[in-house]
Amino acid sequence: IQQTNLFCLVARERSGHTAVVEENLLYVWGGYMSIADDEVFLPNDEIWAYDLQQGVWEVFHMTGEVPPSMSGTCGCSLNGHMYIFGGCDDNGQTNQIYCVNLTDGKYTWKKIIHEMGSPPSPRDKLSCWIYKGSWNEPQTHVNATTRCYVFAKFVFDCIVQYIFYRIPVTNNPVGRSWHTLTAVSDSTLFLFGGLSVDCKPMSDGWLLDVETKKWREVEHPYKNKPRLWHTACPGKDSDVVVFGGSCDYILLVDTVNFLFSDRICEDYIAKNVRNNDMLRNQLTLLPPKLLTAVQRRISFYRPSKKKQC
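Residues numbered from 1 in each chain as written. Predicted model: local features only at pLDDT ≥ 70, side-chain atom pairs only at ≥ 80, totals over all residues. Heavy atoms only, no water.

### Remarks on the overall build of the chain
Part 1 of the argument: Secondary structure assignment for the chain yields three helices and 27 strands.
Part 2 of the argument: Evaluated residue by residue, the chain yields a buried proportion of 49% over its 309 residues.
Part 3 of the argument: Nonlocal contacts in the chain, meaning residues at least 24 apart in sequence, comprise 50% of its contacts between residues at least 6 apart.
Part 4 of the argument: For the chain, the exposed area adds up to about 15800 Å²; of that, 51% sits on carbon and sulfur atoms. (Helix = DSSP H or I, 4+ residues; strand = E, 2+ residues; numbered from the N terminus. Buried < 20%, exposed > 50% of the residue type's maximum accessible area, 1.4 Å probe, protein only. Contact = heavy atoms within 4.5 Å. Areas by Shrake-Rupley, 256 points an atom, 1.4 Å probe, with all protein chains shown as cover.)

Next up, the structure:
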């Protein structure tokens, strides 16, 4: 793929992938897509980056101890590195850990061998997040005979000797899999979507206080858009960036949505300010930070001739 055609690139639609946000870039790796009646893994030696400011995709080649092509893995960004755990490849479920530096421009994978503790069993379709320098991985267990879903948490310490240990957590949302769990503050996680125990696609949102271990259901503007096997990454200003996944078992086109965000307001103003006298006259009354963001988005929506790709 030629670098001169970057503005023509778009990541393929996919499910079961992993994604993280580092600085102003959304990185997407792995997953699968449907071709005719087959489910095909996406290439494991490439990573896609989406510029959240410019709305432009770019793809990078990866080297090193490259993980096998997988779906259902979980990933987190810590100190400029993306860590992935678990997933399902052609040989079944795994509990291996890999990491890659997202900031040095080399994109070289490294397989991590834990030195102490007992790792979680092989699994896929899970979530994880960063909390005080440790990697938290909540697992949804499925009993094949009773279909009983149980929430639990495992902690992988990325700082001290790669130690695994387990802590309890309360359970208020209905049991589910294929959901996401995203850190929106130092002490709060946002649970979104997934597939319930009765196979219903979910669109509900919950906040978990990691200090009190208490859940609270919250409202958001996408209650009518269930998602499963998607990714949800923390952005700026408490954004939650949702990419890809499935809706009622149908793969979604590669769209990027923002939850809990001022971006919805920014985009509305940017799209309509040129044709709305009231918005245009009141633009200067916005707070400086919001005004700067809106002006940047206005330039993105500026009418221009379509580029031929």
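From this point, the narrative continues.
### Regarding the packing of aromatic side chains
Part 1 of the argument: The tally for this structure, following the rule as stated, stands at 10 aromatic pairs.
Part 2 of the argument: Relative to Tyr-107, the ring of Phe-60 lies with its centre 4.8 Å away and its plane at 20°, an arrangement referred to as stacked. Residue Phe-60 is found in strand E6 (residues 56-61), and its partner Tyr-107 is found in the loop between strand E12 (97-101) and strand E13 (108-112); the two are separated by 47 residues along the sequence.
Part 3 of the argument: Seen in terms of ring centroids, Phe-190 and Phe-192 are 6.1 Å apart; in terms of plane orientation they differ by 15°. Their pairing is stacked.
Part 4 of the argument: Members of the aromatic cluster, each reached through a chain of ring pairs, are Trp-48, Tyr-50, Trp-57 and Phe-243. (Phe/Tyr/Trp six-rings, centres within 6.5 Å; stacked < 30°, edge-to-face > 60°.)

### Topic: the confidence of the model for the chain
Part 1 of the argument: Residues of the chain with pLDDT of at least 70 account for 73%, and the chain-wide mean is 75.
Part 2 of the argument: No element of the chain has a lower mean pLDDT than strand E16 (residues 149-157), at 43, and none a higher one than strand E7 (residues 63-64), at 96.
Part 3 of the argument: Taken as a whole, residues 138-154 scores under 50 in pLDDT and shows 56 contacts with residues more than four places along the chain or in a different chain.
Part 4 of the argument: Within the model, the stretch residues 158-165 combines pLDDT values under 50 with 31 contacts to residues more than four positions away or in other chains. (pLDDT = per-residue confidence, 0-100.)

### Some thoughts on the sheet that holds E6
Part 1 of the argument: The four strands are arranged E1-E2-E5-E6 in an open sheet whose pairing can be described as antiparallel. If you trace the sheet from one side to the other, it starts and ends with strand E1 (18-22) and E6, each paired once. Across the sheet, the axes of successive neighbouring strands diverge by a mean angle of 25°, strand direction being ignored.
Part 2 of the argument: Taken together, the four bridges between strand E2 (residues 25-29) and strand E5 (residues 46-51) define a ladder with antiparallel strand orientation. Note on E5: the bridge partner recorded for Tyr-27 is Ala-49. (Pairing = 2+ DSSP bridges. Axes fitted to C-alpha atoms, helices over the stretch in contact; angles between N-to-C directions.)

### Details of the pattern of salt bridges
Side-chain pairs of opposite charge can arise where the charged atoms are in close proximity.
Part 1 of the argument: The final tally for this structure, using the stated rule, is three salt bridges.
Part 2 of the argument: Between Glu-217 and Lys-223 there is a salt bridge; the shortest N-O distance is 3.8 Å.
Part 3 of the argument: Classification of Lys-223 by relative accessible area gives partly exposed; the value is 32%.
Part 4 of the argument: For Asp-277, the salt bridge is made with Arg-280, and the minimal N-O distance between the two is 2.1 Å. With Asp-277 and Arg-280 both in helix H2 (residues 277-282), this residue pair falls three residues apart, about one helical turn. (Salt bridge = Lys/Arg side-chain N within 4 Å of Asp/Glu carboxyl O.)

### Quick word on the side chain of Thr-182
Part 1 of the argument: Examined against the element boundaries, Thr-182 turns out to sit in strand E19 (residues 180-183).
Part 2 of the argument: For Thr-182, the residues in contact, after removing those within four places along its chain, are Thr-188, Leu-189, Phe-190, Ala-232, Cys-233, Pro-234 and Val-240.

### A closer look at the environment of Trp-178
Part 1 of the argument: Take Trp-178: it is sitting in the loop between strand E18 (176-177) and E19.
Part 2 of the argument: Assessed through its relative accessible area of 18%, Trp-178 is described here as buried.
Part 3 of the argument: For the pair Trp-178 and Gly-72, spaced 106 residues apart in sequence, the C-alpha separation works out to 7.9 Å.

### A closer look at the sheet that holds E12
Part 1 of the argument: Taken together, five strands build an open sheet; the order of strands is E7-E13-E12-E9-E8 and the sheet is mixed. Of all strands in the sheet, those bounded by a partner on one side alone are E7 and strand E8 (74-78).
Part 2 of the argument: Bridging between E12 and E13 involves four bridges; their strand directions are antiparallel. The residue of E13 that forms the bridge with Ile-97 is Ile-112.

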